[in-house]
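Descriptive structure summary
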Amino acid sequence: MRRQIEGSRAVAETVALCRPEVICAYPISPQTHIVEALSELVKSGRLTPCEYVNVESEFAAMSVAIGASATGARAYTATASQGLLYMVEALYNAAGLGLPIVMTVANRAIGAPINIWNDHSDSMSQRDSGWIQLYAQTNQEAADLHIQAFRLAEDLSTPVMVCMDGFVLTHAYEAVDLSTQEQVDGYLPRFEPRQVLDPAEPVSIGAMVGPEAFMEVRYLAHLNQLRALERIPELAGEFATAFGRTSGGLVSPYRIDGADTVVVALGSVLGTVQDTVDELRDQGVRIGALGITTFRPFPADAIRAALANADRVIVLEKAFAVGVGGIVSADVRTALTGPELPLYTVVAGLGGRPITRQSLRGLFVNATVGRLEPLTFLDLQRELVG
Amino acid sequence: VFQIRIHGRGGQGVVTAAELLSVAAFDEGRHAQAFPSFGSERTGAPVVAFCRIDDRPIRLREPIGEPDAIIVADPTLLGQIDVLAGLNPDGYVLLNSERAAADLIGAAADLIGGRVRPLRPGRVFVVPATRLAMEHVGRPVPNAALLGGFAAATGLVSLASVQDAIRDRFPPAVAEANVAAAAQAYHHVDAAQAYQYVDAAKAYHHVAAETMEPAHA
């Protein structure tokens, strides 16, 4: 049923339809509305059976999720920013143990200086943690990705992060087609863990592995993530059949046919990018956009194919590696083969700075005429930096 | 696309107003998007919320810089921040105040000088939303009354849709109090419209004559 609803609420309602058995929560903006809504759903009995655990920190939240998942429960949590950083040690454990935890990251900047607004610094900092990372363009996709995430996580025994732009999506009211319990039950079977912690049949998991096999464990984790590159499009296809709408997948091309210039981006900024592409197309500029929905594992083949006919690539990033430059750009560069395409890194929207059509228009036009630096900070106020 | 920007202070229900407006438009079969300015909202601090309404799906995520309508929940903001910034020349302004539009715009012009733009006659509306909220709801939350006034001023959404959105959001007793405030605001603005045309025109000339020229000097 289509409803005009807050993004956080849409995600919470959808997560509840996925029948999580343990939800652990520690509040941090802009994620808080999601776990608050879930706590109401548990308390009112609409989501049952489910144990809702209030914890004392994000480190505890992830640790409880690990414990729950290891006993065979479907586990969910959500966080953002410093909260994600506070659970880092446990994040790697969840991935290393192959526990299919699903977590929403309501993307927010990392301090200092303290900043509660949106960018991708938090989840980008965990790109190598072994978690699958999916990025939502809209609240519809944010909701839908959670359904696919549980299925993907449990199919591959690996945790999945669903990243949605904090405030821009979490606090936005827009129409979302909310799934029904029947639809979700038909798509997402009960969690059948391969191995559980059970006092009746004690086992150890996560025991020490020495130099003789540690690399092999890591190699297997890599192979498992690469399997996701095949599984994700299959699951997105099944989802489209079952739910009657398109969400997820590896990448989402927009008007790239005949595009000399392709703008690569992640998340909600793609809406503004698409509007700008339409304006420029109307003026005869051959430009298109490529959304990266699955950032980990990195869909190099799909990106290479989508950029095969481009003359130049602009990577629009809401995070960057201090002292280096683009994060996504570096990965996109590795995906490209053959003659070197001009690739422009544009760092934009840090700490919630709005990304406007006007700024994008100027940027894209400059790129098409070769008047763009390899690394640009969009709308940087020169007078503030001396 | 029709773009609305709502200015107020934390505690006045500005973000909720934008959300309710989007629900009203959605219920009328249109596409709508509402979002706050993402500040650290605190009671009394200036707050901005946005709403877009369109017949096509809305993809744009930038804040609204060139609104077609501006709602000001607290008129003291007129002297402090440029609430009318970027207003479409044909745009609507709805102010929460006991005063007549002409007085208020004149006062604003004095306070913020050259930043006041020429407002089109007939597009400035005033509704005493805080008083209506006190009468019906018993708390100074002017948002429902402002939405009733907005429906009357612009005709963009119906009063019934606004009231349905209110009922959908709040428990019955609170909802009905706000529904009544919205209805009274709707009729107040509606009845005063002809009068406001004259006053707004005066305001326009007053503002244009006394403040616009120095601003561009």
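The following refers to the structure shown.

Cut-off values and rules
Residues numbered from 1 in each chain as written. Chains lettered and ligands numbered in written order. Predicted model: local features only at pLDDT ≥ 70, side-chain atom pairs only at ≥ 80, totals over all residues. Heavy atoms only, no water. Helix = DSSP H or I, 4+ residues; strand = E, 2+ residues; numbered from the N terminus. Buried < 20%, exposed > 50% of the residue type's maximum accessible area, 1.4 Å probe, protein only. Contact = heavy atoms within 4.5 Å. Areas by Shrake-Rupley, 256 points an atom, 1.4 Å probe, with all protein chains shown as cover. Rg over C-alpha atoms; globule rule 2.2 N^0.38 Å. Lys, Arg positive; Asp, Glu negative; His and termini not counted. Charge placed at Lys NZ, Arg CZ, Asp CG, Glu CD. Pairing = 2+ DSSP bridges. Axes fitted to C-alpha atoms, helices over the stretch in contact; angles between N-to-C directions. Core = buried A, V, L, I, M, F, W, Y, C linked by side-chain atoms within 4.5 Å. Buried area = accessible area lost by both parts, 1.4 Å probe. Salt bridge = Lys/Arg side-chain N within 4 Å of Asp/Glu carboxyl O. Polar contact = N/O pair within 3.5 Å; in protein donor to acceptor, adjacent residues only side chain to side chain. Parallel < 35°, antiparallel > 145°, perpendicular 65-115°, else oblique. Left-handed = near helix turned anticlockwise from the far one by under 90°. Nonpolar A, V, L, I, M, F, W, Y, C, P; charged D, E, K, R; others polar.

1. Describing the overall build of chain B
- The number of helices and strands found in chain B is 6 helices and 6 strands.
- Tracing chain B from N to C terminus, the helices and strands come up as β-α-β-β-β-β-α-β-α-α-α-α.
- A total of 217 residues make up chain B; the buried ones form 59% of that total.
- Across chain B, contacts joining residues at least 24 apart in sequence account for 71% of those joining residues at least 6 apart.
- On chain B, roughly 8,700 Å² of surface is accessible, and the fraction owed to carbon and sulfur atoms is 54%.

2. Details of the overall build of chain A
- Within chain A, the regular secondary structure consists of 14 helices and 15 strands.
- Taken against the 2.2 N^0.38 rule, which gives 21 Å for 386 residues, the C-alpha radius of gyration of chain A at 21 Å falls within 12% of a compact globule.
- In terms of overall dimensions, chain A has C-alpha extents of about 70 × 55 × 45 Å along its principal axes.
- Taking all 386 residues of chain A together, 58% fall into the buried category.
- When contacts within chain A are restricted to residue pairs at least 6 apart in sequence, those whose partners lie at least 24 apart make up 81%.
- In the form shown here, chain A has an accessible surface area of approximately 16,000 Å², with 53% of it arising from carbon and sulfur atoms.
- For chain A, the separation between the mean place of its 29 positive charges and that of its 43 negative charges on side chains is 5 Å.

3. Regarding the sheet that holds strand β10 (residues 261-265) of chain A
Residues and elements named next belong to chain A.
- Pairing is mixed in the open sheet, where 6 strands are placed in the order β9-β11-β10-β13-β14-β15. Edge positions in the open sheet fall to β9 (251-254) and β15 (375-377), since each of these has one partner strand only. The mean angle between the axes of side-by-side strands here comes to 20°, regardless of whether they run parallel or antiparallel.
- Where β10 lies against strand β13 (residues 312-317), 4 bridges are found, and the strand directions are parallel. Residue pairing in the sheet places Thr 261 in a bridge with Arg 312 of β13.
- Taken strand by strand, helix α12 (residues 328-335) contacts β10, β11 (287-292), β13 and β14 (343-347), and its axis lies near 150° from that of β13.
- In the packing of helix α13 (residues 357-368) onto the sheet, the strands contacted are β10, β11, β13, β14 and β15, and the crossing angle to β13 comes to about 150°.

4. A word on the nonpolar core
- Ranked by internal contacts, the top residues of the largest apolar core, which has 95 residues, are Leu 38, Met 62, Tyr 76 and Val 332 of chain A.
- Ranked by residue count, the leading element in this core is helix α7 (residues 139-156) of chain A, at 8 residues.
- Listed in part, the 48 residues of the second largest apolar core include Ala 69, Ala 151, Leu 156 and Ala 175 of chain B.

5. Quick look at the pairing of strand β7 (residues 160-165) of chain A
Residue and element names in this part refer to chain A.
- For β7, the tally of buried residues reaches 6 of 6 residues, placing the bulk of the element in the interior.
- The side-chain alternation of β7 yields two buried faces, one formed by Val 160, Val 162 and Met 164 and the other by Met 161, Cys 163 and Asp 165.
- In the sheet, strand β5 (residues 102-107) pairs with β7 via 6 bridges, with the strands oriented parallel. Counterpart to Thr 104 in the pairing with β7 is Val 162.
- Strand direction decides the pairing type here: strand β6 (residues 132-135) and β7, joined by 4 bridges, are parallel. Bridge pairing links Ile 132 to Val 160 in β7.

6. Let's talk about unusual backbone geometry
Residue and element names in this part refer to chain A.
- Here the residue pair Ala 112 and Pro 113 is connected by a cis peptide bond, since its omega of 0° sits within 30 degrees of zero.
- Of note in the backbone geometry, Arg 255 takes a positive phi value of approximately 50° without being a glycine.
- Tracing the sequence through the fold places Arg 255 in the loop between β9 and β10.
- The class for Arg 255 is partly exposed, based on a relative accessible area of 38%.
- You will see that Asp 379, though not glycine, has its phi angle at about 60°, which is positive.
- With a relative accessible area of 33%, Asp 379 lands in the partly exposed category.

7. Thoughts on the interface of chain A and chain B
- With 27 residues of chain A at the interface, the matching set in chain B holds 20 residues.
- Of the roughly 1,900 Å² buried at the junction of chain A and chain B (both faces included), carbon and sulfur atoms supply 52%.
- Joining chain A to chain B, the criterion identifies 4 salt bridges.
- Our count for the chain A to chain B interface comes out at 10 residue pairs in polar contact (both at pLDDT 80 or more).

8. Looking at the packing of helix α4 (residues 143-154) of chain B against helix α5 (residues 159-169) of chain B
All names here are of chain B.
- Axis separation between α4 and α5 bottoms out at 9 Å; the angle between their running directions is 160°. With respect to each other, α4 and α5 are oriented roughly antiparallel. Here α4 and α5 pass one another in a crossing that is right-handed. Residues Ala 144, Leu 147, Gly 148 and Ala 151 of α4 lie in contact with α5, whose contacting residues are Leu 159, Val 162 and Ile 166.
- Of the residues that constitute the contact of α4 with α5, the class distribution is 6 nonpolar, 1 polar and no charged.

Honestly, it's all geometry; don't read function into it.
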